[in-house]
Amino acid sequence: MRRKRNLLTAAALTAILLVSGAGCKASIDAFGINPTHARHVADNAFAGIGYRFYNVRRDSAFARARTLMGKHALIPSRLFQDSTIWNVNSPDSSRTLIVVATLVDGHYTFAGNPKAPPPQSLGDQRHLLNLKWLGEGDYQWSTSVDHAIGPVTPAAAGAALMATLTAAEGRTPDEAMADARAMFPETARHLAQLFTVDSLRTVNDCCATTTMLSVTFHPERLRPRYSFFADYVAKYVVQAIYHVQLTDRAGLQYFDYVGKDGQMTIRLRSRGHQLVALSGHPVPMPDSLKLLMDVSMKYKMFRVGFRNLEGDFTVVRTPQRRAWEMRFRKEPAWQFPLAFDKLIKVPLRRPYQGEGARLALGIRNDGRAQSISERHARFAVSESAIMRWLGGLGASAFGDFSGRAELEENLFIYEMFEALRKDVNREW
């Protein structure tokens, strides 16, 4: 959850899909009621997200709070007792930090503001970070981030993402690749600094299209301009191993996402530009699903992570909101160095007990000029030796990222969204 920024993950993945063979004009047209309106709405959405990464600065109080949270998120008693971190104290044994972020004088600026209103202007954000004491060393984190992304409706955002995912339907790989590169040349050139497209394959049977996309990350291509970001990608992205699946309650699989040795492979199947089961009869994907995840990272000579993390995955579709809601109530199988097995007891089960851990990513609009991308997360922490050790790993990763690596990552992402804006606004 550490690096989730609103819908950034979905937006970045969409950008990769757009320029690596699965994108087409329909992806942009889905943003609006006609091509001109769609370009305007897409441009606003890309600008609103891109502003978040432009010349970022933080006031001194929030910068200090962020650093401490990066170091002690899993040992929250140290944070709870530090009154200088929080700007709202509640009578229910909780502490809250409210932060507003906006573009000011050429900088995207974060500053604490206990009375911060909901985002009003394109690109504005409001962060609420709450830490609640539950007793006997137990704490609960709750975070909420709202981000104004322009007039795109929730339904249009969902349609644009689906149009991108299924754009290769009924087409050959060469047709899809040629279309994407013609539509998004600036974005393709920018993202070529980070990855190459290994293959795009489509299999058209009698009633559906299976799309398989593989890309490989190349941090060495980043080094001429983003050397610190390149080091971070090489250490934390290339060496990560992960597998993400979406299935229904009967076990039918609808989405498969695998990463290893810097290569990312996505597999999906569609009919009528809707996702269907990956095998057999093209059963439409339901809104109630199971999310299955395996993730591990390299730590010295060992790997640290988990297998068989299972969660409920719900797709929310209302006129005012489109969202993915995830809830995890089953502890995974942990992957730690052998000596640490003795430390794995109740504290690692704590986040999955009761209501479990929750993460929601979505877009909502209640009739205002600005639609809001949202991120909500909640999970419990029970302090222990194993949590201190895991916290140390997190602090190390945060230390590697903060500073030059973060500045360069911000620049790379900002330039990606600017390239998308150029492609959207050029003559087709």
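Quick caveat: nothing in here was measured; it's all calculated off a predicted structure.

> Explain unusual backbone geometry to me, and be specific about the residues and the numbers.
Although it is not a glycine, Asn-55 adopts a positive phi angle of roughly 45°. Tracing the backbone through its elements, the reader meets Asn-55 in the loop between helix H3 (35-51) and strand E1 (56-58). Residue classification places Asn-55 among the partly exposed residues on the basis of a relative accessible area of 38%. Residues other than glycine seldom take positive phi values, yet His-273 does so here, at roughly 60°. With respect to the helices, strands and loops of the structure, His-273 is situated in the loop between strand E11 (263-271) and strand E12 (274-275). A relative accessible area of 39% places His-273 in the partly exposed class.

> Which residues make up the packing of H3 against helix H13 (residues 404-425), and what are the values?
With their axes 9 Å apart at the nearest point, H3 and H13 run at an angle of 170° to one another. Here H13 runs roughly antiparallel to H3, going by the angle between their axes. Contacts between H3 and H13 pair Arg-39, Ala-42, Asp-43, Phe-46, Ala-47, Ile-49 and Gly-50 from the former with Tyr-414, Phe-417, Leu-420, Arg-421, Val-424 and Asn-425 from the latter. Classifying every residue of the contact of H3 with H13 by side-chain character gives 8 nonpolar, 2 polar and 3 charged.

> Just give me the short version of the pattern of salt bridges, but keep the residues and values in it.
Scanning all chains against the criterion turns up 26 salt bridges. Salt-bridge contacts for Arg-223 lead to Asp-231; the nearest nitrogen and oxygen are separated by 2.5 Å. Overall, the relative accessible area of 36% leaves Arg-223 in the partly exposed class. Judged by relative accessible area, which is 43%, Asp-231 ranks as partly exposed. Beyond isolated ion pairs, a larger network of salt bridges with shared partners links Asp-146, Arg-321, Glu-325, Arg-358, Arg-364 and Glu-374.

The rules behind each value
Residues numbered from 1 in each chain as written. Predicted model: local features only at pLDDT ≥ 70, side-chain atom pairs only at ≥ 80, totals over all residues. Heavy atoms only, no water. Helix = DSSP H or I, 4+ residues; strand = E, 2+ residues; numbered from the N terminus. Buried < 20%, exposed > 50% of the residue type's maximum accessible area, 1.4 Å probe, protein only. Axes fitted to C-alpha atoms, helices over the stretch in contact; angles between N-to-C directions. Parallel < 35°, antiparallel > 145°, perpendicular 65-115°, else oblique. Contact = heavy atoms within 4.5 Å. Nonpolar A, V, L, I, M, F, W, Y, C, P; charged D, E, K, R; others polar. Salt bridge = Lys/Arg side-chain N within 4 Å of Asp/Glu carboxyl O.

The quantities given are spatial measurements derived from coordinates; they are silent on function.
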